[in-house]
Amino acid sequence: MNAAEIISRKRDGLALTAAEIEFMVAGFVDGRVERPQMAAWAMAVLLRDMNTDEIVALTQAMLYSGQRFQWPSGRPKVDKHSTGGIGDKISIPLAPLWGACGLDVPMISGRGLGATGGTIDKLESIGGYRTQLSMDEFREQVNSMGVVIAAASAEIAPADKELYALRDVTGTVPAVPLITASILSKKLAEGLDALILDVKWGNGAFMKTSADAKRLAESLVRVSATMGVPTKALVTNMNQPLGKMVGNCVEIEESESILRGAGPSDVRELTLRLAAEGLLLGGISPDLQSAITLATNKLDAGEAWEKYEAWIQYQGGDRKQIVSRAAESVWRADRSGYLSTIDTEQLGYAVIDLGGGRRQQGQAIDHGVGFEIEVRLGDRIESGQALARIFSRSGVDSIIKRLQAAFVISEQPPQLEPLVLEESGLFKLGTSADG
């Protein structure tokens, strides 16, 4: 086959065969397809899109570029993936809650990307916690105690690592077919019985509109289900931070508060809803309401907390050695009114400014910096009221300027949107035709 010919076919809007897609992926990994050629192909995919058969072929090519987990019969294996948002720490309370409810959770997670934080970075706030496990260690932990969250090993979907690095510098990250294959090639390598997706939309998410988020959610569900893994997607609101805490150690603190039956209502709500969807697809509960009841009971009875403690300890972590918060400063309102808008993405960039995120790959981060957001959209604000607590190692004048630009206080309250956007039947397999 000829890479230039395949690029030209996709440039002209033609559907590629599975063999052509496999040639491009395998050739890029082994050097037969050069980086400029793969960049051109990725741009053609961005501009011309792919149909479901093409995306399935691409996902399979990336998945089969590495190793996959296979499990003996036993407890259902279920995982969740979020497309990322500010303050999104749901994986941390969700995994042990699922474990307490009878599911195994073989979760491969990532580090911060752009403005959004990463589950692996947050867990590294816990002294001794091992995020790098071999496939044998990963497998043994799932078989022994049922819950693991670790970074992807080099054996998992190596083609995705190579292709993502290229997309990141060629303006092709937003291509829905490439996003779909990137996510699923890693998640399906876990050997899952079911997958739950939390697709974020809003000014703090990668997908800025609900329409774009729905398109991505439909693509992910359709491809995953076609490949034999029952999948459900929720489109959720990221027009304000999820919970109060934004950072690393502070999000561990908030996750632990959820597991102790407290914490912000939105974090608890989404944790329980995603837990219920996993229990339903995993065959533990017969309907959504009974699944929510089971998850709520396990959370409030302390069983999820016990599972959390066991999981963290098993993976080398010492909860007594969680990184401490940096010094605190309070940012206060300079006017009264209603909190009408939060440019949520700017809060993520502010964490990076504080040192809690990366400007370049491999950069060390400060796990003790971040924010506690004291207000929610629609709140009545009085002049002098505390809006946020800033945890910083140095001066905060530049951070406050960023926050002042991000928070809008108006005379009239805003129209609030639901946390979970639902449309009946939208993400059930077979309800959406290819566009």
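About the thresholds
- Residues numbered from 1 in each chain as written.
- Predicted model: local features only at pLDDT ≥ 70, side-chain atom pairs only at ≥ 80, totals over all residues.
- Heavy atoms only, no water.
- Buried < 20%, exposed > 50% of the residue type's maximum accessible area, 1.4 Å probe, protein only.
- Helix = DSSP H or I, 4+ residues; strand = E, 2+ residues; numbered from the N terminus.
- Pairing = 2+ DSSP bridges.
- Expected span 1.5 Å × (residues − 1).
- Arc of directions from axis to C-beta.
- Contact = heavy atoms within 4.5 Å.
- Phe/Tyr/Trp six-rings, centres within 6.5 Å; stacked < 30°, edge-to-face > 60°.
- Lys NZ or Arg CZ within 6 Å of the ring centre and 35° of its normal.
- Axes fitted to C-alpha atoms, helices over the stretch in contact; angles between N-to-C directions.
- Core = buried A, V, L, I, M, F, W, Y, C linked by side-chain atoms within 4.5 Å.
- Parallel < 35°, antiparallel > 145°, perpendicular 65-115°, else oblique.
- Left-handed = near helix turned anticlockwise from the far one by under 90°.
- Nonpolar A, V, L, I, M, F, W, Y, C, P; charged D, E, K, R; others polar.

(A) Seen up close, the pairing of strand E1 (residues 78-82). Across the 5 residues of E1, 5 count as buried, placing the element largely inside the fold. Both faces of E1 are covered, namely the face carrying Val78, Lys80 and Ser82 and the face carrying Asp79 and His81. With 5 bridges connecting them, E1 and strand E4 (residues 194-201) associate as parallel partners. The residue bridging Val78 from the neighbouring strand is Ala194, located in E4.

(B) Examining helix H14 (residues 303-314) more closely. Taking 1.5 Å per residue as the helical rise, H14 with its 12 residues ought to reach 16 Å, and the 16 Å between its terminal C-alpha atoms agrees with that figure. Residues of H14 that are buried: Ala304, Trp305, Lys307, Tyr308, Trp311 and Ile312. One side of H14 carries all its buried residues, which in axial view fall inside an arc of 160 degrees. In this structure, H14 carries Glu306 and Gln313 as exposed residues pointing more than 90 degrees from its buried face. Just downstream of H14, Gly316 is the residue with a positive phi angle, here 95 degrees.

(C) Inspection of helix H10 (residues 210-226) at higher detail. Under the 1.5 Å per step criterion, the end-to-end length of H10 is 24 Å for 17 residues, consistent within 8% with the ideal 24 Å. Buried within H10 are the following residues: Ala213, Lys214, Leu216, Ala217, Ser219, Leu220, Val221, Arg222, Val223, Ser224 and Ala225. Buried-residue contacts for H10 involve helix H4 (52-63), helix H9 (176-187), E4, strand E5 (231-237) and strand E13 (420-421). Just beyond H10, the residue with positive phi is Gly228, at close to 95 degrees.

(D) Quick peek at the sheet that holds strand E12 (residues 407-410). Taking strand neighbours across the sheet as the criterion, the 3 strands line up as E10-E8-E12 in an open arrangement whose pairing is antiparallel. Each having just a single partner strand, strand E10 (380-381) and E12 make up the two edges of the open sheet. As paired strands, strand E8 (residues 337-342) and E12 are joined by 4 bridges and run antiparallel to one another. Paired with Ile342 across the bridge in E12 is Phe407.

(E) The arrangement of the packing of aromatic side chains in detail. Summed over all chains, the structure comprises 6 aromatic pairs. For the ring pair Phe69 and Phe138, a centre distance of 4.8 Å and an interplane angle of 25 degrees mean the geometry is stacked. With Phe69 in the loop between H4 and E1 and Phe138 in helix H7 (residues 135-145), the pair connects residues that are 69 residues apart, well separated along the chain. By the burial criterion, Phe69 is buried, and Phe138 matches it. Ring centres of Trp331 and Phe407 lie 5.1 Å apart, and the angle between their planes is 80 degrees; this geometry places the pair in the edge-to-face category. Residue Trp331 is located in strand E7 (residues 327-332), and its partner Phe407 is located in strand E12; the two are separated by 76 residues in the primary sequence. Residue classification places Trp331 among the buried residues on the basis of a relative accessible area of 7%. Put simply, the rings of Tyr129, Trp305, Tyr308 and Trp311 pair up and form one aromatic cluster. One residue, Arg260, lies across the ring of Trp305, its end atom 3.8 Å from the ring centre.

(F) Spatial organisation of the sheet that holds E7. The sheet built from 4 strands is open, its strands ordered E6-E9-E11-E7 with antiparallel pairing. With one partner strand each, in any of the chains shown, strand E6 (245-247) and E7 form the two edges of the open sheet. Across the sheet, the mean angle separating the axes of adjacent strands is 20 degrees when strand polarity is ignored. Sheet contacts for helix H11 (residues 249-259): E6, strand E9 (370-373) and strand E11 (386-392); angle to E6, the most-contacted strand, approximately 145 degrees.

(G) Layout of the nonpolar core. Ranked by internal contacts, the top residues of the largest apolar core, which has 78 residues, are Trp98, Leu123, Tyr308, Trp311, Phe371, Ile390 and Phe407. Broken down by element, the residue count for this core peaks at 7 residues, all from helix H12 (residues 265-281). Not counting residues up to four positions away in its chain, the partners in contact with Trp311 are Ile92, Pro96, Leu123, Tyr129, Gln141, Met145, Val147, Val148 and Ile149. The next biggest cluster of nonpolar side chains, apart from the first, holds 61 residues, and it includes Val45, Met50, Leu58 and Met135.

(H) Fine view of the packing of helix H1 (residues 3-11) against helix H3 (residues 35-48). It is the contact of H1 with H3, at a shortest axis distance of 8 Å, that shows an interaxial angle of 15 degrees. In terms of orientation, H1 and H3 fall into the roughly parallel class. Every pair of crossing elements has a handedness; the one defined by H1 and H3 is left-handed. Contact residues: Ala3, Ala4, Ile6, Ile7, Lys10 and Arg11 in H1; Gln37, Ala40, Trp41, Ala44, Val45 and Arg48 in H3. Here the residues of the contact of H1 with H3 sort into 8 nonpolar, 1 polar and 3 charged.

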